[in-house]
Amino acid sequence: MKRILFLFASIFFMQTISAQTIYKELNSEKLGETRQIKIQLPRNYDTSDKKYPVIYVFDADYLFEPVAGNVDYYAYWEDIPEAIVIGVNQYEKREDDCYYSEQNSLPIESGAAFFEFISMELVPFINKTFRTENFKVAVGHGKTANFINYYLLKGIPLFQSYIVLSPDLAPDMASYLTEVFPKLQQKTFYYLATTTNDAGKIQEKTEALSKSLKAIDNKNVLKTFDTFEGPSHYSLPAHAIPKALESIFLVFQPISKKEYKETILNLTGNPVEYLTEKYQMIDQLFGIKKPILINDFKAIEAAIKKNKKWEYFEDLGKLARKEYPDTLLGNYYLGRFFEETGEPKKAMKTYQSAYVLSEIAGITKDHVLELAEQIKADFGY
């Protein structure tokens, strides 16, 4: 009994440690001071050699925990990739960090120094210290939500994704963004949110910005805008952060019922190509080679059956053999292809050869043998 309790306590302790926040003091030449940084690593960081996207949280003295908690939760269910979360504590430095010129709305003095601290000191430090992918997300609220937009305005944007929550926009920011958005050449995710109970004119300006950005047609920019009913300016992040993560990492998620019904069933081409392109995009966007989920194989299988496009079982079978070579999944789909396209003998042999492979996704050895025996009985082989 003691041994069991000790094991339970050990597991609990390890899980607690994995969820803890690491604090680091980073000396900054740009700021001329030391700035405290919060870091949350993925649960399995120490036991893997993977690289991870990085989410940078401004206003981390209050915004870090909501972001880090949601990232950990969604990653646990594999709805988003595991990610490193970095928080920049600003405390009473917030006004100085976000300082901009009244003449052109661009960062000057302490604001320019903070801009360079992030791009020239913090990001390189994190890349050097941890195993990072190129995909970076910036999260800001109020004044810092305005500030993170500056990284869109200079050459190649530092971040590939922006979570802009109730931004306290600088006077010229909307004009800058509407000018730069049509020119963006890298894939960029932009999530913008306000609330019906937002502070001052923030809601009005945010909705005007949203309207302007929606009118811009640039396939490289994926834009999402939400107006929440009820929350205050300060409680908005608790509502918006989950929606933002879901929006940014939508392609990473398993095929949903909505995606299946509205997209896959209505494809005019090969649904297997849709599946492979989905995972190629995950690799291109996030630098993650994610194995194709069994759930997604089953969704494509269901679409092939629903639309009676039996010829696509051949491509699905070849893909399954590549992704799960030690299982009978590929043989099962290839057997279905031969069976439905008029080659029962090949189907029978394909089913039979699957017997030595591992069972998967509810497809058993007994089932494929039954399919083979049924063909044998029907055609007298």
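From a predicted model like this one, the values you see are computed outputs, not experimental measurements.

The rules we used
- Per chain, residue numbering runs from 1 following the sequence as it is written.
- Local features in this predicted model are restricted to residues of pLDDT 70 or higher, and side-chain atom pairs are both shown and tallied only at a pLDDT of 80 or more, whereas totals for entire chains, interfaces and linings draw on every residue.
- Here the side-chain values reflect all heavy atoms present in the structure, with hydrogen atoms and water set aside.
- Secondary structure elements follow DSSP: runs of H or I no shorter than four residues count as helices, runs of E no shorter than two count as strands, and numbering proceeds from the N terminus.
- Only protein chains enter the calculation, and the probe is 1.4 Å; a residue is then buried if its accessible area is under 20% of its type maximum, exposed if over 50%, and partly exposed in between.
- To be clear on the numbers: accessible area is Shrake-Rupley with a 1.4 Å probe, and residue cover counts the displayed protein chains and nothing else.
- Lys and Arg are tallied as positive, Asp and Glu as negative. Neither His nor the chain termini are counted.
- Lysine's charge is taken at NZ, arginine's at CZ, aspartate's at CG and glutamate's at CD.
- Buried residues of nine kinds, namely Ala, Val, Leu, Ile, Met, Phe, Trp, Tyr and Cys, make up a nonpolar core once their side-chain atoms join them within 4.5 Å.
- Between two residues, a contact is recorded if the distance between any of their heavy atoms is within 4.5 Å.
- The span expected for a helix works out to 1.5 Å for each residue beyond the first.
- The directions from the helix axis to the C-beta atoms form the arc being described.
- Strands are labelled as partners when DSSP assigns at least two bridges between them.
- For a crossover, the right-handed case is the one in which the path from the first strand over the helix to the second runs clockwise, viewed with the strands pointing away from the viewer.
- For salt bridges, the criterion is a side-chain nitrogen of Lys or Arg within 4 Å of an Asp or Glu carboxyl oxygen.
- Stacked, tilted and edge-to-face are the three classes applied to pairs of Phe, Tyr and Trp rings, where Trp contributes its six-membered ring and a pair requires centres within 6.5 Å; stacked means planes under 30 degrees apart, edge-to-face means over 60, and tilted covers the rest.
- Lysine and arginine charges are scored as sitting over a ring when NZ or CZ, respectively, is within 6 Å of the ring centre and within 35 degrees of the ring normal.
- Contacts described as polar in this section are N or O atom pairs within 3.5 Å, which, within protein, must combine one atom able to donate a hydrogen with one able to accept it, while residues neighboring in sequence count only if both atoms come from side chains.

(A) A look at the overall build of the chain. Across its full length, the chain carries 15 helices and 8 strands. Along the three orthogonal principal directions, the C-alpha set of the chain runs to about 85 × 60 × 40 Å. For the chain, buried positions account for 47% of its 381 residues. Roughly 19600 Å² of accessible area belongs to the chain as shown, and the carbon and sulfur atoms make up 53% of that amount. Between the centroid of the 45 positive side chains of the chain and the centroid of its 51 negative side chains there is a distance of 5 Å.

(B) Focus on the nonpolar core. In this structure, I55, V67, L165, F249, F286 and L316 are the most contacted members of the largest nonpolar core, which totals 71 residues. The leading source of residues in this core is helix 2 (residues 60–76), at 8 residues. Not counting chain neighbours up to four residues away, the residues in contact with L165 comprise V139, G140, H141, G142, A145, Y191, A193, L236, P237, A240 and I241. In terms of nonpolar packing, the next biggest core, distinct from the first, is built from 47 residues, L26, Y52, V88 and Y190 among them.

(C) Structural view of helix 7 (residues 202–214). With 13 residues, helix 7 extends 18 Å between its outermost C-alpha atoms, agreeing within 8% with the 18 Å of an ideal straight helix rising 1.5 Å per residue. By the burial criterion, the buried members of helix 7 are I202, T206, L209, S210 and L213. For helix 7, the angular spread of buried residues about the axis comes to 100 degrees, placing them on one side. For helix 7, the exposed residues set more than 90 degrees away from the buried face come down to E204 and K211. Buried-residue contacts for helix 7 involve helix 6 (173–180), strand 7 (188–197) and strand 8 (221–232).

(D) Structural detail: the pairing of strand 8. Strand direction decides the pairing type here: strand 7 and strand 8, joined by 9 bridges, are parallel. Counted as the bridge partner of F189 is L222 from strand 8. You can see the chain leave strand 7, run along helix 7 and come back into strand 8, and the turn it takes is right-handed.

(E) Fine view of the pattern of salt bridges. Counted according to the given criterion, the structure contains 19 salt bridges. Measuring nitrogen to oxygen at the nearest pair gives 3.8 Å for the salt bridge that ties K278 to E259. Pair noted here: K278 is in helix 10 (residues 271–286) and E259 is in helix 9 (residues 257–262), with a separation of 19 residues, a long-range link. One salt-bridge network, held together by shared partners, links E33, R35, K93 and D97.

(F) Inspection of the packing of aromatic side chains at higher detail. Within this structure, the stated rule accounts for 31 aromatic pairs. Here Y151 and F159 contribute two aromatic rings whose centre-to-centre distance is 5.3 Å and whose plane-to-plane angle is 90 degrees, an arrangement assigned as edge-to-face. Across the pair, F159 and Y151 agree in class, each one buried. For the ring pair F297 and Y333, a centre distance of 6.5 Å and an interplane angle of 20 degrees mean the geometry is stacked. Separated by 36 residues along the polypeptide, F297 in helix 11 (residues 294–307) and Y333 in helix 13 (residues 329–340) bring together distant segments of the chain. On the basis of relative accessibility, which here comes to 0%, the residue F297 falls in the buried class. Judged by relative accessible area, which is 0%, Y333 ranks as buried. Taking NZ or CZ as reference, R131 lies 4.1 Å from the ring centre of Y45, over its face. We note K365 situated over the ring of Y355; from NZ or CZ to the ring centre the distance is 5.5 Å.

(G) Summary view of the side chain of K136. As for its placement among the helices and strands, K136 is situated in strand 5 (residues 132–141). Lacking a salt bridge, the buried K136 has E133 as its closest oppositely charged neighbour, with an N-O distance of 9.8 Å. Among the polar contacts made by the side chain of K136, one reaches the main-chain carbonyl oxygen of L158 at a distance of 3.3 Å.

(H) Representation of unusual backbone geometry. Of note, the phi angle at D59 is positive, near 55 degrees, even though the residue is not glycine. Here D59 is to be found in the loop between strand 3 (52–57) and helix 2. The class of D59 is buried, set by a relative accessible area of 1%.

(I) View of the pairing of strand 1 (residues 22–28). As defined by bridge partners, strand 1 adjoins strand 2 (residues 33–40) across 7 bridges and the pair is classed as antiparallel. Note that in strand 2 the partner of I22 across the bridge is I39. Adjacent in sequence and paired antiparallel, strand 1 and strand 2 are bridged by 4 residues, among which G32 carries a positive phi angle near 70 degrees.

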